[in-house]
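Okay, here's what each chain looks like letter by letter:
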Amino acid sequence: MARIDETRSFIPVGIAVLTVSDTRTPDTDRSGDTLVARIAEAGHRLAARAIVTDDVAEIRATVEAWTRDDAIDVVITTGGTGFTGRDVTPEALEPIFEKRMDGFSEVFHRISYDKIGTSTIQSRATGGVANATFIFVLPGSPGACKDAWDGILKAQLDYRHMPCNFVEIMPRLDEHLKRTAG
């Protein structure tokens, strides 16, 4: 059963938030603000924040740069997961995933279904790992950001969460690169 092990110390991680939108500005980015508030409330560090347009190259370049930054352990994007012509965030980021996290999408949709019913199928939320950095691709609504954080990320980014969590495996995400030919 999931629980918090109070004998373990909380370990804050560095999280970057990327809003993907052709229309949002720092003053109107409610989804980014939602994530930033929850990150701070949980005790983590906001390591970077940006807004980029719905452009595959721009999205990918920003996230790839962040995955090479030692201060960033997790990247969360919001926006661009729908089906319109401008929704390209999964296309930008899934090709850089070294490992996909299919369970993230499945659990996100289960949580979302309980709130918005079959409308959840209009999101292509996804997750994966690149350059030893977790990447989560969320829809652009504040509600979807709340669902993903409150229902999945808050617990998985807490080292005290048992029986397992993302923080405890972070040091091992790039171990395949450290292996020598034997």
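See the structure shown above.
Keep in mind the model is a prediction, meaning the values are calculated, not measured.

*Asks:* Please explain the packing of helix H4 (residues 102-116) against helix H5 (residues 142-156) as it appears in this structure.
*Replies:* Packed helices, taken two at a time, are described by their axes: the angle between them and the distance between them. At their nearest, the axes of H4 and H5 sit 10 Å apart, and the two run at 120 degrees to each other. With respect to their mutual orientation, H4 and H5 come out oblique. The way H4 lies across H5 gives a crossing that is right-handed. Two secondary-structure elements touch here, H4 through Phe 104, Val 107, Phe 108, Ile 111, Ser 112 and Lys 115 and H5 through Ala 144, Asp 147, Ala 148, Gly 151, Ile 152 and Leu 153. A class-by-class count of the residues in the contact of H4 with H5 yields 8 nonpolar, 2 polar and 2 charged.

*Asks:* I tried to follow the sheet that holds strand S7 (residues 133-138) on my own but got confused; where do I start?
*Replies:* In sheet architecture, strand pairing relies on hydrogen bonds along the backbone and comes in two forms, parallel and antiparallel. In spatial order, the strands read S3-S2-S4-S7-S6-S5; together these 6 strands make up an open sheet with mixed pairing. Where the open sheet ends on each side, the last strands, each with one partner, are strand S3 (45-52) and strand S5 (99-100). Where strand S2 (residues 14-20) and S3 come together, 7 bridges link them in parallel fashion. Looking at the pairing, Ile 15 lines up with Leu 46 of S3. On the sheet, helix H2 (residues 56-67) packs against S2, S3, strand S4 (74-78), strand S6 (126-130) and S7 and is oriented at approximately 175 degrees with respect to S2. Contacts from H4 reach S5, S6 and S7 within the one sheet, and its direction differs from that of S7 by about 35 degrees.

*Asks:* Even after reading the chapter, I still don't get H5, so can you show me in this structure?
*Replies:* Since one α-helical turn is 3.6 residues long, residues separated by three or four positions face the same way. Its 15 residues place the ends of H5 20 Å apart at the C-alpha level, agreeing with the 21 Å of an ideal helix rising 1.5 Å per residue. By the largest-angle criterion, Trp 149 marks the main kink of H5, which is about 45 degrees. Of all the positions in H5, only Pro 142, Ala 144, Cys 145, Asp 147, Ala 148, Trp 149, Ile 152, Leu 153 and Gln 156 are classed as buried.

*Asks:* I tried to follow the packing of aromatic side chains on my own but got confused; where do I start?
*Replies:* Any two aromatic rings considered together are summarised by their centre-to-centre distance and by the angle between their planes. All told, the structure shown has 4 aromatic pairs when counted by the stated rule. A centroid spacing of 5.0 Å and a plane angle of 50 degrees characterise the contact between Phe 104 and Phe 136, whose relative ring orientation is tilted. Highlighted residues: Phe 104 in helix H4 and Phe 136 in strand S7, separated in sequence by 32 residues. Per residue, the accessibility class of Phe 104 equals that of Phe 136, and both read buried. Between Phe 134 and Phe 166, the aromatic rings sit 4.4 Å apart at their centres with planes inclined by 35 degrees, giving tilted as the arrangement. Residue Phe 134 is found in strand S7, and its partner Phe 166 is found in helix H6 (residues 166-169); the two are separated by 32 residues along the sequence. On the basis of relative accessible area, Phe 134 is assigned to the buried category, the value being 2%. On the basis of relative accessible area, Phe 166 is assigned to the buried category, the value being 11%. Joined through ring pairs, the aromatic side chains of Phe 104, Phe 134, Phe 136 and Phe 166 make up one cluster. The ring of Tyr 159 carries Arg 8 above its face, with NZ or CZ at 4.0 Å from the centroid.

Conventions adopted
Residues numbered from 1 in each chain as written. Predicted model: local features only at pLDDT ≥ 70, side-chain atom pairs only at ≥ 80, totals over all residues. Heavy atoms only, no water. Axes fitted to C-alpha atoms, helices over the stretch in contact; angles between N-to-C directions. Helix = DSSP H or I, 4+ residues; strand = E, 2+ residues; numbered from the N terminus. Parallel < 35°, antiparallel > 145°, perpendicular 65-115°, else oblique. Left-handed = near helix turned anticlockwise from the far one by under 90°. Contact = heavy atoms within 4.5 Å. Nonpolar A, V, L, I, M, F, W, Y, C, P; charged D, E, K, R; others polar. Pairing = 2+ DSSP bridges. Expected span 1.5 Å × (residues − 1). Bend = angle between axes of the 7 residues up to and from the residue. Buried < 20%, exposed > 50% of the residue type's maximum accessible area, 1.4 Å probe, protein only. Phe/Tyr/Trp six-rings, centres within 6.5 Å; stacked < 30°, edge-to-face > 60°. Lys NZ or Arg CZ within 6 Å of the ring centre and 35° of its normal.

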